[in-house]
Amino acid sequence: MIFALIVISLVVFAVLAMRESPLLQWGVAALVIGLLGRLDFSTGFGFGGGVGLVLALLPGSIMLVLSVTMLRKLLLIRVVYGAVKSILPRVSRTEQEALDAGTVGWDAELFSGRPDWTKLNAIRPLTLSAEEQAFLDGPTDEVCAMIDDWDTRNNRADLSPEVWQFLKDKGFLGMLIAKEHGGLGFGAQAQSMIVSKIASRSVAAGITVMVPNSLGPGELLEKYGTDAQKEKYLGRLAKGLEVPCFALTGVHSGSDAGGMRDIGVVTKGRYQGEQVLGVKLSWDKRYITLAPIATLVGLAFILKDPDNLLGKGENIGITLALVPHDHEGVEIGRRHFPARQAFMNGPTRGTDVFIPMDFLIGGTDYAGQGWRMLMECLSTGRAISLPAIGSISIKQALRVTSAYARVRRQFGIPIGIMEGVAEPLGEMVKRAYTFEAARRLTASMVDEGQRPAVISALLKYRTTEAMRDSLDDSFDIHGGRAIQDGPTNYLFGQYMATPVAITVEGANILTRTLMTFAQGVLRAHPFLYKEIEAAQNKDKKAGIDQFDVAFGGHAKFMLRNIVASFVHGVSNGAFASTPLQSDMAVWYRRLHRYAQAFALTADWTTVILGGQLKRKQKLSGRMADILGDLYLMSATLRRFEDEGCIAQDKPLVDAIMADQIAAMEQSFDEVFANFPNRFAANAMRFLCFPLGRHAKPASDRVNYRFVRDVLRPGTFRDRLTAGTYVSMDPNDVTGVLEDALIKVTEAEEIEAKFIKAARKGVIEQRLDRDAIDDAVTAGILNDNEAGIMRAAQDATNQVVKVDDFEADELAAEHKHSAAAE
């Protein structure tokens, strides 16, 4: 009877929890179970009396009492409401504005633990208009052909005048500006792909195009500018007649808005011979891209109004202004040289510079709203810019490395088929597919009007870290060919740009450990943000009413998480949802299963740690990694479906899924092992992984299979590197690789006969003899085969050749004298 009662209780608990039943139903169920527990079969199914019966009925009775709203608020909610005020993390003004600036979408589904697949599938696939596609295939390819990365970063430390003029004339600097204002009016997907293709040729050129179309005056004016400001500047910005920069980063504060020391004070002063109301402004900014050549300087500063001249109080807050570079007092400092990259970057300063109110972006109506304005733009701009640079660098590294690994031979075989080389090459293949999938999905979200602040943050740090890994792998595979810089080195520019991508728009180390999960859980959690809003409501009665609803929903959410996590853990997601019945269904179910485990762990972590979460940055970083893995899995599955479930890609997708799940399990294990509350840690581990960890990454055999596929010209390699600029010119820095790959592949069977003869000693490869002629003489090759073999050999020689210089050619004195000549 006791065993049966336990089973009944567990079943009832599970059913009520999964249904998220109201408190009344829980109370009735508890009373029934309590009565069943007191059944006395010896007295003819009577109930035992006394204290035992009272105790058995007490839980149900309490629940029934608390199911009455008025009594619940009086007896429970007021007490919990007061306690929560001290537990939940405080949200600063800048954090509040950052949270309000973004929107939630698929990230909220992952935090919920039960993703609604219709929301993922409703995001539109990669879509370009005919005009956008024509621009990508026309002017974008044209400018790529014009760019010489070695000349750009070594000889000029800038784009050539011809490239600069082409970018301005064709509207590259005004892609996001609406057509009505003279811009191209392109969507996020098009901007991302255009920046990507240019960056595949030169990261410096890609960044130069990226910045005016990301967080900059153009977007700020489009969204918040006054009609006069739009009329004055947008057309000139679109045509490149004005070059913008935006200055946020301070010398001491970095990008920390709360620590900003740049101050503007509302006062009266003289402008163009008249006494006007304005701002006396002092700033000291650095690391500002395009600052050395900017004609318009966007500034973020804290505005104060001690005399309340604007009627908004003394401390107005962060405000944005647009100041001409030649305005009196504006100083543009000497340029920086970040990682020896050629894009323009430098400091700007000013002391007691008087600007009229007309310079404030949006005028006085938007004074004090600068941080929200920036965060709204950053939540979209960051979703486009660095993911574009990172994903294209991953794909470009794969494109050139796959060709080199097939063309370059060691020990008589292409180095790419050696297992030691195939291992990193396989990782490069998986990254190329995964991060292009994530780039596409996120850009589509932006095109639909979303502002995915959390997703853009995690994608920025994950993509640029993957960029670093792929370039490291590429260098390992190329060996000495990669480290010899010069005009024919197609890797060094991207390699040197990697620290820049990792550092800008929120350094990865802080984006991962401080921002992604901490802000994500506040914004995307189904109830936490509502509870915080209620707890911080100055109207206590209204706050308690809000809190009652949110707390009740949160309690149901927690109970459901307990049951769902355990069930999915025991069954390995067998009962989880899937949007389709196909070979990919198992991965959708696994994604659901791990999203559920993440939902429980994220919820408990936030509730238990409360305000300590900001200090537990290692835990926060691991939770960000899990969220990132869930998003990358989602994007990968969505790409596979969008491209028609190509059979050749299925083993690759399977491998990516297996790797992501294994990585997530490792991250979960590290969270549990380091969680400060050991009871909670063990409980979470048991509920999420009741049978332990069993996930394993893709096998060596699986990885090796698609490595062999990428070593050949064809659709598989082209899909993985889609969007890169591909030159077929054998005299081009990367065209030489494409040419050699085709010729070596065409000579494959001929080469096999040649190598077999060499191994048998029939012919000998020596510098003082032509082995191909010897092969013809020996009857191993005919004249046609010898021609094909010689063409492949000549192309290979071009690929493996490295640059060299005269002893003094790289000295600064030589460069200066050459420039003078």
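Everything discussed here concerns the structure shown above.
As a starting point, this report considers the structure included with it. Just so it is clear, the structure is predicted and the values come from calculations on it, not from any experiment. (Residues numbered from 1 in each chain as written. Predicted model: local features only at pLDDT ≥ 70, side-chain atom pairs only at ≥ 80, totals over all residues. Heavy atoms only, no water.)

Right, let's get into the overall build of the protein. Regarding its fold elements, the protein presents 34 helices and eleven strands. For 821 residues, the compact-globule formula gives about 28 Å, and the C-alpha radius of gyration of the protein, at 31 Å, lands near that figure. Across the 821 residues in the protein, those meeting the buried criterion constitute 54%. Here the contacts in the protein between residues at least 6 apart in sequence split such that 76% fall between residues at least 24 apart. Surface accessibility of the protein: about 34600 Å² in total, with carbon and sulfur atoms responsible for 55%. Counting 90 positive and 96 negative side-chain charges, the protein places the centres of these two groups 8 Å from one another. (Helix = DSSP H or I, 4+ residues; strand = E, 2+ residues; numbered from the N terminus. Rg over C-alpha atoms; globule rule 2.2 N^0.38 Å. Buried < 20%, exposed > 50% of the residue type's maximum accessible area, 1.4 Å probe, protein only. Contact = heavy atoms within 4.5 Å. Areas by Shrake-Rupley, 256 points an atom, 1.4 Å probe, with all protein chains shown as cover. Lys, Arg positive; Asp, Glu negative; His and termini not counted. Charge placed at Lys NZ, Arg CZ, Asp CG, Glu CD.)

Looking now at helix 12 (residues 188-201). Its 14 residues place the ends of helix 12 20 Å apart at the C-alpha level, agreeing with the 20 Å of an ideal helix rising 1.5 Å per residue. Burial runs high along helix 12: 14 of the 14 residues are buried. (Expected span 1.5 Å × (residues − 1).)

How two aromatic rings sit relative to each other is set out by the distance from centre to centre and by the angle between their planes. Summed over all chains, the structure comprises 23 aromatic pairs. Note on Phe 517 and Phe 598: the rings are 6.3 Å apart at their centroids and 75° apart in plane angle, and the pair reads as edge-to-face. Within this pair, whereas Phe 517 is found in helix 21 (residues 508-524), its partner Phe 598 is found in helix 24 (residues 585-609), the two being separated by 81 residues in sequence. Judged by its relative accessible area of 0%, Phe 517 falls in the buried class. Ring centres of Phe 668 and Phe 689 lie 5.5 Å apart, and the angle between their planes is 65°; on these two criteria the pair is classed as edge-to-face. Of this pair, Phe 668 sits in helix 26 (residues 650-674) while Phe 689 sits in the loop between helix 27 (678-688) and helix 28 (700-710), and the two are 21 residues apart along the sequence. Like Phe 689, Phe 668 is buried. Here the guanidinium or amino end of Arg 593 rests over the ring plane of Tyr 594, the centre of that ring lying 4.5 Å away. (Phe/Tyr/Trp six-rings, centres within 6.5 Å; stacked < 30°, edge-to-face > 60°. Lys NZ or Arg CZ within 6 Å of the ring centre and 35° of its normal.)

Moving on, we come to unusual backbone geometry. We note that Phe 411 has phi near 55°; this positive angle belongs to a residue other than glycine. Looking at the element boundaries, Phe 411 is found in the loop between strand 10 (409-410) and strand 11 (413-414). A positive phi angle, near 55°, is found at Asn 572, a position not held by glycine.

What follows covers the environment of Asp 625. As for its position among the elements, Asp 625 is in helix 25 (residues 617-642). Under the relative-accessibility criterion, Asp 625 is labelled buried at 16%. Remark: the alpha-carbon pair of Asp 625 and Met 664, spanning 39 residues in sequence, is separated by 7.6 Å. For Asp 625, the side chain forms a polar contact with the side chain of Tyr 461, separated by 2.8 Å. (Polar contact = N/O pair within 3.5 Å; in protein donor to acceptor, adjacent residues only side chain to side chain.)

Our next topic: helix 18 (residues 453-478). Turn by turn, an α-helix covers 3.6 residues, leaving residues three or four places apart pointing in a common direction. For helix 18, which comprises 26 residues, the first-to-last C-alpha distance of 37 Å matches the rise-based estimate of 38 Å (1.5 Å per residue) to within 8%. Buried residues dominate helix 18, accounting for 21 of its 26 residues. Of the residues trailing helix 18, Gly 479 is marked for its positive phi of about 60°.

Relative to strand 5 (residues 274-289), strand 4 (residues 263-271) runs antiparallel, the two sharing nine bridges. Looking across to strand 5, one finds that Ile 263 is bridged to Ser 282. (Pairing = 2+ DSSP bridges.)

On to the side chain of Asn 154, then. Mapped onto the fold, Asn 154 is located in helix 10 (residues 149-156). A distance of 3.1 Å separates polar atoms of two side chains, one belonging to Asn 154 and the other to Asn 155.

So, on to the packing of helix 18 against helix 21. Following both chains from N to C, one finds helix 18 and helix 21 inclined at 150°, their axes separated by 9 Å at the closest point. Put simply, helix 18 runs roughly antiparallel to helix 21. Crossing handedness for the pair helix 18 and helix 21: left-handed. Residues Val 454, Ala 457, Leu 458, Lys 460, Tyr 461, Thr 464 and Glu 465 of helix 18 pack against Asn 508, Thr 511, Arg 512, Thr 516, Gln 519 and Gly 520 of helix 21. Along the lines of polarity and charge, the residues of the contact of helix 18 with helix 21 split into four nonpolar, six polar and three charged. (Axes fitted to C-alpha atoms, helices over the stretch in contact; angles between N-to-C directions. Parallel < 35°, antiparallel > 145°, perpendicular 65-115°, else oblique. Left-handed = near helix turned anticlockwise from the far one by under 90°. Nonpolar A, V, L, I, M, F, W, Y, C, P; charged D, E, K, R; others polar.)

So, on to a nonpolar patch on the surface. On the surface, Phe 566, Val 567, Val 570, Phe 575, Phe 686 and Leu 691 cluster together to form a nonpolar patch covering roughly 580 Å² of accessible area. Residue contributions to the nonpolar patch peak at three residues, all from helix 23 (residues 540-571). (Patch = residues over 30% accessible without salt bridge, like charges linked within 9 Å, V, L, I, M, F, W, Y side chains within 5 Å. Salt bridge = Lys/Arg side-chain N within 4 Å of Asp/Glu carboxyl O.)

Turning to its location among the elements, Ser 192 is positioned in helix 12. Relative accessible area serves as the criterion here: at 1%, Ser 192 is assigned to the buried category. Only 2.8 Å separates the side chain of Ser 192 from the side chain of Arg 439, close enough to count as a polar contact. With residues near it in sequence (within four places) discarded, Ser 192 still touches Ile 384, Ala 388 and Arg 439.

Looking at where Met 558 falls in the secondary structure, it is placed in helix 23. Residue classification places Met 558 among the partly exposed residues on the basis of a relative accessible area of 25%. Residues Met 558 and Leu 600 lie 42 residues apart in sequence; the distance between their C-alpha atoms is 7.1 Å. Setting aside residues no more than four positions away along its own chain, Met 558 makes contact with Asp 603 and Trp 604.

It is possible for side chains of opposite charge to pair when their charged atoms get near one another. Counted by the stated rule, this structure contains 47 salt bridges. With a shortest N-O distance of 3.8 Å, Glu 665 and Arg 693 are connected by a salt bridge. A residue pair is termed long-range when its members are at least 10 positions apart, and Glu 665 in helix 26 and Arg 693 in the loop between helix 27 and helix 28 qualify at 28 residues. The class for Arg 693 is partly exposed, based on a relative accessible area of 36%. Connected through shared salt-bridge partners, Lys 395, Glu 436, Arg 439, Arg 440, Arg 639 and Glu 643 make up one network.

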